[in-house]
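Examination of the molecular architecture
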Amino acid sequence: MLKWFWRYLASGEELWARVIKSVYGDLEWGEDGQCRLRMRGGMTGWWSKIVDKGRGGENDRWFSENISRELGNGLGIRFWDEVWTGNRPLKFLFPRLFALSSDQQGLVGEFGNWAGEEWNWEFRWRRDLREREIEMVNNLLLVISSLAPCAGKKDGWKWKAAKDGVFSAKSAYEAISKEKGEMASKHHEGLAQVWEAPTPHKATVVAWRSLRNRLATCDNLVRRNVPIQVEEKWCNACVGHEETVEHLFIHCPKTDQVWDYIQQWLNIKTAKPQGLSQHFLSFTHGGKGKKIRNFLKALWVGTIWLLWSSRNESRFEGKEWDPQKLVLEIKGRIWSWNKTFQMVEVNVPFSLWCSREYTLPFL
Ligand SMILES: [Zn+2]
């Protein structure tokens, strides 16, 4: 389908392209320098798929980010509206001049004249320009002075992802992969927020390693060929589950109780994500304001840290794994971290803070 859309762009004069244009609308450049199809009326059939690609929806940004106009005779590109130099339409770069222009819809080729071999840019304004505005025109000329229409050549489209400017499946695939990589690193960035939590370093390290699946859980030991007894690979808080990061920190029935208590305390009820990184992101993104988000991060880090400690105590020292006791311990830690790092204002005594009936008022 992308090929069709590309052909639509690249062959502006073809009959079927004109049909699309007249039925569905025209191309429009956004302030972000991306190109979308402006809609007119409803759509049906395979046309809609082409047009959808061109609209620059979230998933198709890689397409609109990779196309730009290529200046020919300048009679097919709107001077102010389209991206034909730089990364954004000139009307967004020079909004004041755009407002003053008497050719807001004018084509590039209408903004000047040939003097022999040389192209001179010319503008028409609604009124005489003031000194500051003349300065702006000089800046505008700096932007476009290296460019000139090319008589006898039609304006075209350029596919920026390929060196030769022509769309191909291979270059499109590379553009998509690149965007996927960027998204992956954005995800990584989201997780790195765990370091913003105002918590002791040792706790943050455990939380970070849990998010990266770098803790010595039994499944990880097995993966690294550490010899462990068969009976050791099971979670020792419940029966019959392999010990993985997800099980230990989200799905184990005992852990589940811990999160339930914490949600009650916060007076929120959210669905439980499958993976730990989603758990972290959804748990911490809800708070209003930086201080509350920091509080939530600290609470998440503290919970993971203490879950891990009690797992170790239970595994290596035979201590009992008690969700209620653990929640009290978490509340106690958060109380003292909050005193130290002053995340949220607390006007209640410690005993109330710890009681099951109390819910935090600021969420
Ligand atoms: Zn378990």
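Residues numbered from 1 in each chain as written. Predicted model: local features only at pLDDT ≥ 70, side-chain atom pairs only at ≥ 80, totals over all residues. Heavy atoms only, no water.

1. Some points on the overall build of the chain
- In terms of helices and strands, the chain carries 16 helices and six strands.
- Taking all 363 residues of the chain together, 45% fall into the buried category.
- Excluding contacts between residues fewer than 6 apart, the proportion of contacts in the chain whose partners are at least 24 apart in sequence is 60%.
- For the chain, the exposed area adds up to about 20,200 Å²; of that, 51% sits on carbon and sulfur atoms. (Helix = DSSP H or I, 4+ residues; strand = E, 2+ residues; numbered from the N terminus. Buried < 20%, exposed > 50% of the residue type's maximum accessible area, 1.4 Å probe, protein only. Contact = heavy atoms within 4.5 Å. Areas by Shrake-Rupley, 256 points an atom, 1.4 Å probe, with all protein chains shown as cover.)

2. A few points about the packing of aromatic side chains
- Under the defined criterion, the tally for this structure stands at 21 aromatic pairs.
- Ring geometry for Trp 80 against Phe 111: centres 6.4 Å apart, planes inclined by 80°, an arrangement best described as edge-to-face. One end of the pair, Trp 80, is in the loop between strand 3 (67-70) and helix 5 (90-93); the other, Phe 111, is in the loop between helix 6 (95-100) and strand 4 (112-115), and 31 residues separate them in sequence.
- Residue classification places Trp 80 among the buried positions, given a relative accessible area of 0%.
- Three or more aromatic residues link up through ring pairs in this structure, and these residues are Phe 79, Trp 80, Trp 84, Phe 98, Phe 111, Trp 114, Trp 119, Trp 121, Phe 123 and Trp 125.
- The ring of Trp 335 is capped by Lys 339, whose NZ or CZ atom sits 4.4 Å from the centre of that ring. (Phe/Tyr/Trp six-rings, centres within 6.5 Å; stacked < 30°, edge-to-face > 60°. Lys NZ or Arg CZ within 6 Å of the ring centre and 35° of its normal.)

3. Considerations on the coordination of the zinc ion
- Within the protein, the zinc ion binds to Cys 235 (SG), Cys 238 (SG), His 247 (NE2) and Cys 252 (SG); these donor distances fall in the range 2.1 to 2.3 Å.
- Here the zinc ion binds four donor atoms, and the angle range of 101 to 114° at the metal identifies the geometry as tetrahedral.
- Summarised as a motif, the one-chain spacing of the donors to the zinc ion is C-x2-C-x8-H-x4-C. (Donors = N, O, S within 2.8 Å, 3.2 Å for Na, K, Ca; no water. Tetrahedral: all angles 85-135°; square planar, octahedral: opposite > 155°, others 65-115°.)

4. Observations regarding helix 12 (residues 253-266)
- Taking 1.5 Å per residue as the helical rise, helix 12 with its 14 residues ought to reach 20 Å, and the 20 Å between its terminal C-alpha atoms agrees with that figure.
- Restricting attention to buried positions, one finds in helix 12 the residues Thr 255, Val 258, Trp 259, Tyr 261, Ile 262, Gln 263, Trp 265 and Leu 266.
- Lining the buried residues of helix 12 we find helix 11 (245-251), helix 13 (276-285), helix 14 (290-317), helix 15 (323-341) and helix 16 (350-354). (Expected span 1.5 Å × (residues − 1).)

5. Thoughts on the nonpolar core
- Ranked by internal contacts, the top residues of the largest apolar core, which has 53 residues, are Phe 249, Phe 295, Leu 299, Trp 300 and Trp 353.
- With 12 residues, the single largest contributor to this core is helix 14.
- What Phe 249 contacts, discounting residues up to four positions off in sequence, is Ser 210, Leu 215, Thr 255, Trp 259, Leu 276, Ile 304, Leu 307 and Trp 308. (Core = buried A, V, L, I, M, F, W, Y, C linked by side-chain atoms within 4.5 Å.)

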